[in-house]
Every structure is written in structure tokens, then in C-alpha cells.
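Fold and geometry: a report
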Amino acid sequence: QVQLQESGPGLVKPSETLSLTCSVSGGSISGYSWTWIRQPPGKGLEWIGHISYSGSTNYNPSLKSRVTISIDTSKNQFSLKLNSVAAADTAVYYCATLGGYYYYYMEVWGKGTTVTVSS
Amino acid sequence: DIQMTQSPSSLSASVGDRVTITCRASQGINNYLAWFQQKPGKAPKSLIYAASSLQSGVAPKFSGSGFGTEFTLTISSLQPEDFATYYCQQYKSYPWTFGQGTKVEIK
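Here we summarise the structure given alongside this text.

Comments concerning the state of the cysteines
Here a disulfide denotes a covalent bond joining the sulfur atom of one cysteine to the sulfur atom of another. All names here are of chain A. Applying the stated criterion across every chain yields a total of 2 disulfides over all chains. Here cysteine 22 is linked by a disulfide to cysteine 95, with a sulfur-sulfur distance of 2.0 Å. Note on the cysteine 22 and cysteine 95 pair: the S-S dihedral is about 65°, so by sign convention the disulfide is right-handed. Here cysteine 95 lies in strand β9 (residues 91-101) and cysteine 22 lies in strand β3 (residues 18-25), a separation of 73 residues in the sequence.

Quick notes on the nonpolar core
Core analysis: the biggest nonpolar cluster contains 26 residues, and Leu18(A), Trp36(A), Val67(A), Phe78(A), Leu80(A) and Tyr93(A) have the highest contact counts within it. Listing elements by their share of this core, those giving two or more residues are β3, β4 (33-39), β5 (46-51), β7 (67-72), β8 (77-82), β9 and β11 (113-117) of chain A. Not counting the four nearest positions on each side in its chain, Leu18(A) is found in contact with Val12(A), Leu80(A), Lys81(A), Leu82(A), Val85(A), Tyr93(A) and Val115(A). Core analysis: the next-biggest nonpolar cluster, separate from the first, contains 25 residues, Ile2(B), Ala13(B), Leu33(B) and Ala51(B) among them.

Let's talk about the environment of Gln100(B)
Residue and element names in this part refer to chain B. Considering the arrangement of structural elements, one finds glutamine 100 in the loop between β10 (97-98) and β11 (102-106). Sequence separation between glutamine 100 and tyrosine 87 is 13 residues; the distance between their C-alpha atoms is 6.8 Å. Filtering out sequence-adjacent residues up to four positions away, glutamine 100 remains in contact with Met4, Thr5, Gln6, Ser9 and Tyr87. For glutamine 100, the side chain forms a polar contact with the main-chain oxygen of glutamine 6, separated by 2.8 Å. In terms of polar contacts, glutamine 100 uses its side chain to reach the side chain of serine 9, at 3.5 Å.

Brief notes about the environment of Phe71(B)
All names here are of chain B. Its location among the elements puts phenylalanine 71 in strand β8 (residues 70-75). As for phenylalanine 71 and alanine 34, which are separated by 37 residues in sequence, their C-alpha atoms are 9.8 Å apart. Apart from residues lying up to four places away in sequence, phenylalanine 71 is in contact with Ile21, Thr22, Cys23, Ile29, Asn30, Asn31, Leu33, Trp35, Ala51, Ser65 and Gly66.

Side note on the sheet that holds β8(B)
Residue and element names in this part refer to chain B. Taken together, the 4 strands give an open sheet; going across it, the order is β1-β3-β8-β7, and neighbouring strands pair in antiparallel fashion. Every other strand in the sheet has two partners, leaving β1 (4-7) and β7 (62-67) as the edge strands with one partner each. The sheet shows a mean angle of 20° between the axes of neighbouring strands, taken without regard to direction. Summarising the sheet, β7 and β8 pair through 6 bridges and their orientation is antiparallel. Bridge pairing in β8 links serine 65 to threonine 72.

With respect to the sheet that holds strand β1 (residues 3-7) of chain A
Residue and element names in this part refer to chain A. Within the open sheet, the 4 strands sit side by side as β1-β3-β8-β7. Their pairing is antiparallel. What marks the edges here is a single partner per strand, and that holds for β1 and β7. Direction aside, neighbouring strands of the sheet carry axes that sit 20° apart on average. Taken together, the 6 bridges between β7 and β8 define a ladder with antiparallel strand orientation. Bridge pairing in β8 places isoleucine 69 opposite leucine 80.

Section: the layout of surface pockets
Approximately 530 Å³ is the volume attributed to the largest pocket. Lining the largest pocket are 20 residues, and of these Glu107(A), Val108(A), Trp109(A), Pro44(B) and Lys45(B) sit closest to its centre. Elements that contribute at least two residues to the lining of the largest pocket include exactly β1 and β10 (103-109) of chain A together with β5 (45-49) of chain B. Approximately 320 Å³ is the volume found for the second largest pocket. In terms of lining, the second largest pocket is formed by 19 residues, of which the most central are Gln39(A), Gln38(B), Lys39(B), Pro40(B) and Gly41(B). Elements with a contribution of two residues or more to the lining of the second largest pocket: β9 of chain A together with β9 (85-90) and β11 of chain B. Residues of the lining of the second largest pocket, tallied by class, amount to 9 nonpolar, 5 polar and 5 charged.

The rules behind each value
Residues numbered from 1 in each chain as written. Chains lettered and ligands numbered in written order. Predicted model: local features only at pLDDT ≥ 70, side-chain atom pairs only at ≥ 80, totals over all residues. Heavy atoms only, no water. Disulfide = S-S within 2.5 Å. Helix = DSSP H or I, 4+ residues; strand = E, 2+ residues; numbered from the N terminus. Core = buried A, V, L, I, M, F, W, Y, C linked by side-chain atoms within 4.5 Å. Buried < 20%, exposed > 50% of the residue type's maximum accessible area, 1.4 Å probe, protein only. Contact = heavy atoms within 4.5 Å. Polar contact = N/O pair within 3.5 Å; in protein donor to acceptor, adjacent residues only side chain to side chain. Pairing = 2+ DSSP bridges. Axes fitted to C-alpha atoms, helices over the stretch in contact; angles between N-to-C directions. 1 Å grid on protein atoms, 1.4 Å probe; cavity = no way out; pocket = protein on both sides within 12 Å on 5 of 7 lines; lining within 4 Å. Points joined across faces, edges and corners; volume = space filled by probe spheres on them. Nonpolar A, V, L, I, M, F, W, Y, C, P; charged D, E, K, R; others polar.

What follows is the structure, given as C-alpha cells:
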């Protein structure tokens, strides 16, 4: 079964860009769809966005102007960039695989990586 | 955005109990609903998609039902490893949204 591992800086300064990578093992990233979700400390889950097998993206409007999700097939990984971060972006960030076609559902999740926004 | 409301927000149950969690959508979502289990400090685990289809490897003590705006997750016989927080999520329309979670605690 495919496994996912998030990586990136654990501390980001306010107004800077948060950059995370999700490395895929046990399968090819090509031909599948992928998503990012986050969870602020002590709170519920928030969907950030996804990238489909065709390369098309959908983002949460609450973050849309600041988010970019992309795929690097040569490295078998996909990435999240969130710019102009603030304290409210402090969260555990998860990547996940998507099943389905057109209507996508989350399948396998990574373990998550904690990002703190602080000066 | 479609609002997802779970009830109850928390419940206390004993090992062996049958537990049911309800999730209501603010508008119809057909059967585009998923359920997840999250234990403290761990990533969520996918349990069910399409309202009633079990994810691969998930124990059949978990079952889901519903269509439209009302859905349920049932655990047939609660075991110690099932004490966790459960979330529903709709994927009918963007943005995908989650319920606030239901915490299942030991009585």
C-alpha cells in the first residue's frame, strides 16, 4: 500500500511562505490525485486543496489566494505552498491520497507535520 | 459552503456497546460522505467512503448508512481501540467540509 511522508520546516515566520512536501512511496504519483488537510491545535480538520491526476487543482476559497499545490513526478512527490502566513496557519498539516473519479474521497493519510508560525 | 453537523459532540460508552454517531449536511450531498477515526496525536484514518463503503482493511464492526442530508456511523461492539474522535466529511461540492467531530470516551 502507498505510504506518505510530509516534510518541511517546523517553524515559519509571519508573512513568509510555508512550503511542505509529501513524499510518496510504494506506488507512483502519476495517474492519481492528492490532497492537503490541516488541523489547528485542539481543533477540527480543514481541507486545503487537491490536485487531480490531470494536474487540475481545487482550493479552499478561504485560502485560495495564498495556496499552490503542485506535483513533481520526477521525485514522486507533491507539494504545498502557503504564502503570507500568520499565527492562524499554525497547524498539523496532512497529505493524503484520493480515490474515486470526479468525486474524490480521502484514502491513505500521512502522519502529519507540525508547522508553527511565530517570529 | 455545505455545513456538516455531528451529534453528539461527545459520548461515553462501555466496551461492547453499540454506538451510533449522526452527521447532518446543510444541503443534499447524495452519498458523497466519508468517515474518519482519529486517535490523540495521530493522523486520521479513513473508515468509510460513499456513505457506506468500507475502506480496505477496516474492520466490519464499522458501518455507515444514509443519503441526502442525514448519515450515521455505527460501531457494532465498541472495543478499547475504538475510543477516539470521529469525523464526517462531504465531498459533493467544494470546499470539502468536515463535521466538528464526535469524541467517544470510556464510561
